[in-house]
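Here is what each chain is made of, one letter per residue.
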Number of protein chains: 2
Amino acid sequence: MKKLPFALEEYEQRLQRVQVNMRARELDAIVITTPANFRYFTGLDSQFWESPTRPWFLVLPAEGESIAVVPGIAEVPVSRSAAGSMKTWPSPRPEDEGVSLMASVLKDLPRRFGRIGFELGRECTLRMPILDFQKLLPMISPIEVVDGGPCLWQVRNIKSAAEVAKVRQACEIVGHSLAAVPSFASKGSVESDVCRDLSIEILKRGAHTIPYIACASGQGGYDQIITRGSDRELRDGDILIFDVGATVDGYFCDFDRNYAIGKISDAALRAHDAVWRATEAGLQTARSGARVSDLWAAMTEVLMAAGMKGNNVGRCGHGLGLQLTEPPSNCQDDNAVLMPGMIMTLEPGMEYEDGKLIVHEENILITEEGLPELLTIRAPREMWRID
Amino acid sequence: MKKLPFALEEYEQRLQRVQVNMRARELDAIVITTPANFRYFTGLDSQFWESPTRPWFLVLPAEGESIAVVPGIAEVPVSRSAAGSMKTWPSPRPEDEGVSLMASVLKDLPRRFGRIGFELGRECTLRMPILDFQKLLPMISPIEVVDGGPCLWQVRNIKSAAEVAKVRQACEIVGHSLAAVPSFASKGSVESDVCRDLSIEILKRGAHTIPYIACASGQGGYDQIITRGSDRELRDGDILIFDVGATVDGYFCDFDRNYAIGKISDAALRAHDAVWRATEAGLQTARSGARVSDLWAAMTEVLMAAGMKGNNVGRCGHGLGLQLTEPPSNCQDDNAVLMPGMIMTLEPGMEYEDGKLIVHEENILITEEGLPELLTIRAPREMWRID
């Protein structure tokens, strides 16, 4: 039997916190369909979400325990999770893939406000066919369906000590693995081979999955940061970057490290120093009560002074937890306030010459008072070197 | 620069095939938002989809080349993909996350039928906030938005020789890795440790990612097949199963192998023999022109004769390709016809005693004439043994 990664009390507290939000926002329930939210409230560890055939639902009523509404294949695993009660339907059954069962469950809920939240808004998707969602709506009329996203994000954004420990562990595993890259990469190595060896290193050190590993390299910088490693060979004067999201019990780290291949140009060295110093500025700013736009401003000031030409990443970091990125975004226009328990990435990046980008990233915990706690092992000010 | 996994002609043919479908179904365009469909038409290899912040769109018009409508961070990678033209918006920008840009692109398309397909129906999800989708609809009025799913699945279901080669390669890598399990697992091994060592083996042998690895064990069988490995120790009399979806250039294998730990009961041996023979029956039935319900019937007949008590998996296999599972489902009620180029899994399973389930799985290619081609290395009739 699979043990849950947290004590049952942790899951009860999560439910209670979202229920407080629901009542404040006048919702009778929230319906969950996506992996991270399902896992947050049940602890279930499965990658079965890769199969698009069957939707899974978790109903969080405004009072009382959750109700999992899941396909038959999920019955045993869900019975061992932190979900409250459970209903199943025989699946696959495309002509009624959980829709009528969901309608009956939602109609049976105590009705106070006549409104139910679904994952409809910012940074949310609905993991069920939209045609089925449109079929469900009239079946539960006159219940109004509204956005449940803000209720969920408000709770997920503040991490418990137990959650922070998982992210810290992922950061440490990946930090040591990234430090080991110069021991298995050298001039002439191929990006995708180094990527594979790094993945193996990360698994050996105890990460559970590696859903995200981006790799890029180029003379004095790279020109994008989101694709997987290619068949490009590392050459003298290159800068190589890895950006890794690996998990422990579903909790992600998300940070990068840059490597100098042999001798790189002074301009590239200065650009790397600028993103490192911009991160320092972010670290000094990330106190409870500050706004994420303050993080953006502090980091951008350093980058502009260093001659930043552009950065199409569009932000200087973001929230982090059960997903590789979570709101808020460290943007000029995002007024979210930093609160104790938030885990953020600081991710300044700059194009210092056409097509030459350098990005840096660390993960931090916002604390009650004073400076944030670094969850990553701080990158050295001078890049690691690969010869 | 990242090379595309297929020649440009392959992507052109895919687009042309879906355009024929579009005209037959009276659609002016199809809009794509999800990873597998985006990759199918562009070849882009990125795991950036893990971040829910930014939607990505690919517009397939009924004639002419595709139009990628993507956040700024995707500009360089998409410019190197098989996408036709490209438009970008500065992102994150939650108040208008690509919505107005998409509206202008869709309104500018040549209009013949006044209908555009989105990923709305069976085995589809929409990877954008539903509230944004609802905002978009009146902006493109009077264009009608309908389900584009059938158009897409009809094309993706029939694999080219180049696609088949990728799945075959994934099957071979994982087949050899699964055969090696007895060399690194033994009585007393912990499920999750064996799972990690198997993952490393698969990466070393050349798979690119392992998005799905399920592991379960129990005395004479297991009681579910979808969770990741737990801290359970393997004991004499157990049956251990691994079910693996690993990829080569995005193309999945999806099959399992069972292992006898020490000496297992005669009833368990008979049950394993039954699922192996049921797979044989499937192999004999999987000819072009047969229906997937015929596959279901042939396999279920063997299982019933062997004393099957139940199977909450709900089907005896499914399509396979750029996703771990694709339609159709080998179910009693699915009348899809097998056609040359379809890749299917054969996945008979039976509960032969309460809580004791045994499942088996192979991957096949439907051929022009005669028996299917096995893409997996056929499992031995007697389980591999771990002592």
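Residues numbered from 1 in each chain as written. Chains lettered and ligands numbered in written order. Predicted model: local features only at pLDDT ≥ 70, side-chain atom pairs only at ≥ 80, totals over all residues.

K.L.:
Quick rundown of the overall build of chain A? Include the residues and the values.
P.N.:
Counting its secondary structure elements, chain A contains eleven helices and 18 strands. By the compact-globule yardstick of 21 Å for 387 residues, chain A fits well, its C-alpha radius of gyration being 23 Å. Looking at chain A as a whole, 56% of its 387 residues are labelled buried. Expressed as a percentage of contacts within chain A between residues at least 6 apart in sequence, the contacts between residues at least 24 apart total 70%. (Helix = DSSP H or I, 4+ residues; strand = E, 2+ residues; numbered from the N terminus. Rg over C-alpha atoms; globule rule 2.2 N^0.38 Å. Buried ≥ 20, exposed ≤ 12 C-beta atoms within 10 Å, placed from the backbone. Contact = placed C-beta atoms within 7 Å.)

K.L.:
For the nonpolar core, give the residues involved together with the corresponding values.
P.N.:
Residues A:A170 and B:A170 are the most contacted members of the largest nonpolar core, which totals 237 residues. Dropping the residues within four chain positions of it, B:A170 is found in contact with B:A207, B:A246, B:T247, B:V248, B:Y251, B:F252 and B:C253. (Core = buried A, V, L, I, M, F, W, Y, C linked by C-beta atoms within 7 Å.)

K.L.:
Give me helix α2 (residues 35-42) of chain B: which residues, what numbers.
P.N.:
All names here are of chain B. In terms of burial, α2 is largely enclosed, as six of its eight residues are buried. Looking only at α2, the buried set comprises N37, F38, R39, Y40, F41 and T42. On its buried face, α2 sits against α1 (8-24), β1 (29-32), β2 (57-61), β3 (67-71), α3 (75-79) and α6 (149-156).

K.L.:
Summarise the interface of chain B and chain A; cite the residues concerned and give the values.
P.N.:
With 61 residues of chain B at the contact, the number on the chain A side is 62 residues. If one sorts the elements of the side of chain B that touches chain A by residue count, helix α9 (residues 191-204) of chain B sits on top with five residues. Residues belonging to the side of chain B that touches chain A are distributed by class as follows: 27 nonpolar, 18 polar and 16 charged. (Nonpolar A, V, L, I, M, F, W, Y, C, P; charged D, E, K, R; others polar.)

K.L.:
Would you mind going over the packing of helix α1 (residues 8-24) of chain A against helix α6 (residues 149-156) of chain A in detail, with residue names and values included?
P.N.:
Residue and element names in this part refer to chain A. Their axes nearest at 9 Å, the elements α1 and α6 cross at an angle of 135°. The angle between the axes of α1 and α6 places the two elements in the oblique class. In this structure, the crossing between α1 and α6 has a hand that is right-handed. Of the residues in α6, those touching α1 at R14, R17, V18, N21 and M22 are C151, L152, Q154 and V155. Each residue belonging to the contact of α1 with α6 can be placed in one class, and the counts come to five nonpolar, two polar and two charged. (Axes fitted to C-alpha atoms, helices over the stretch in contact; angles between N-to-C directions. Parallel < 35°, antiparallel > 145°, perpendicular 65-115°, else oblique. Left-handed = near helix turned anticlockwise from the far one by under 90°.)

K.L.:
I'd like a description of the sheet that holds strand β5 (residues 115-118) of chain B, backed by residues and values.
P.N.:
All names here are of chain B. Pairing within the open sheet is mixed, and its six strands lie in the order β4-β3-β2-β1-β5-β6. The two strands at the open ends of the sheet, each matched to only one other strand, are β4 (85-89) and β6 (144-147). Recorded for the sheet is a direction-independent mean angle of 25° between the axes of neighbouring strands. The pairing of β2 with β3 spans three bridges and is antiparallel. Bridged to L58 within β3 is A68. Set on the sheet, α2 makes contact with β1, β2 and β3; between it and β2 the angle comes to about 55°. (Pairing = 2+ DSSP bridges.)

K.L.:
So, the pairing of strand β12 (residues 326-329) of chain A: which residues are in play, and what are the values?
P.N.:
As paired elements, strand β11 (residues 318-319) of chain A and β12(A) share two bridges and run antiparallel to each other. Paired with A:G319 across the two strands is A:E326, which belongs to β12(A).

K.L.:
Tell me about the relation of the copies chain B and chain A, and please be specific about residues and values.
P.N.:
Of the transformation placing chain B onto chain A, the axial shift is 0.0 Å and the rotation is 180°, giving an RMSD of 0.0 Å. Accordingly, the operation relating the two chain copies is best matched by a two-fold axis. Among all residues of chain B, the minimum C-alpha distance to the rotation axis is found for B:I200, at 2.8 Å. By residue overlap, the copies meet face to face through one surface: 100% of the interface positions of chain B are interface positions in chain A. (Least-squares fit on C-alpha atoms with pLDDT ≥ 70 in both.)

K.L.:
Go over the packing of helix α4 (residues 99-108) of chain B against helix α5 (residues 130-139) of chain B with me, naming the residues and quoting the values.
P.N.:
All names here are of chain B. Between α4 and α5, the least distance of the axes is 10 Å, while the angle of their chain directions is 35°. Crossing of α4 against α5: the hand is right-handed. Contacts from V99, M102 and A103 in α4 reach D132, K135, L136 and M139 in α5. Considering only residue class, the contact of α4 with α5 consists of five nonpolar, no polar and two charged.

K.L.:
For the environment of B:G289, give the residues involved together with the corresponding values.
P.N.:
Residues and elements named next belong to chain B. Here G289 shows up in the loop between α10 (266-285) and α11 (292-305). For G289, a count of 11 C-beta atoms within 10 Å gives the class exposed. Sequence separation of G289 and E369 is 80 residues, and the distance between their C-alpha atoms is 9.6 Å. When neighbours within four sequence positions are excluded, G289 is seen to be in contact with V337 and L338.

K.L.:
Provide a residue-level description of the domain arrangement of chain A, including the pertinent values.
P.N.:
Residue and element names in this part refer to chain A. Assigned domains within chain A: domain 1 (8-156) and domain 2 (161-386). Just the C-alpha atoms count here: the centres of domain 1 and domain 2 sit 34 Å apart. Contacts between the two partners involve nine residues from domain 1 and, on the opposite side, seven residues from domain 2. If you list the elements that add at least two residues to the side of domain 1 that touches domain 2, you get α2 (35-42) and α6. With three residues, the single largest contributor to the side of domain 1 that touches domain 2 is α2. Grouping the constituent residues of the side of domain 1 that touches domain 2 by class yields three nonpolar, no polar and six charged. (Domains from an automatic or database assignment.)

K.L.:
Explain the sheet that holds strand β1 (residues 29-32) of chain A to me, and be specific about the residues and the numbers.
P.N.:
Backbone-to-backbone hydrogen bonds pair the strands of a sheet. The strands run either parallel or antiparallel. All names here are of chain A. Spatially, the six strands line up as an open sheet ordered β4-β3-β2-β1-β5-β6, and their pairing is mixed. In this open sheet, the two strands that pair with only one neighbour each are β4 (85-89) and β6 (144-147). Pairwise comparison of adjacent strand axes, ignoring direction, gives a mean angle of 25° for this sheet. Set on the sheet, helix α4 (residues 99-108) makes contact with β2 (57-61), β3 (67-71), β4 and β5 (115-118); between it and β3 the angle comes to about 170°.

K.L.:
How would you sum up the environment of A:R378? Please name residues and give values.
P.N.:
Relative to the helices and strands, A:R378 resides in the loop between β17 (373-374) and β18 (384-386). Between the alpha carbons of A:R378 and A:L109 there is a distance of 49 Å; along the sequence they are 269 residues apart.

K.L.:
Help me get a handle on unusual backbone geometry, residues and values and all.
P.N.:
The peptide bond linking B:S91 to B:P92 adopts the cis configuration, its omega dihedral lying at 5°. Within the element layout of this structure, B:P92 appears in the loop between β4 and α4. At the junction of B:S141 and B:P142, the peptide bond is cis and its omega measures out at 10° in the coordinates. Mapped onto the secondary structure, B:P142 falls in the loop between α5 and β6. Phi at A:E26 takes a positive value of approximately 60°, unusual for a residue other than glycine. You can see A:E26 is positioned in the loop between α1 and β1. Since 13 C-beta atoms lie within 10 Å of it, A:E26 is described here as partly exposed. Even without glycine at this site, A:E123 takes up a positive phi of about 60°. Relative to the elements of secondary structure, A:E123 occurs in the loop between β5 and α5 (130-139).

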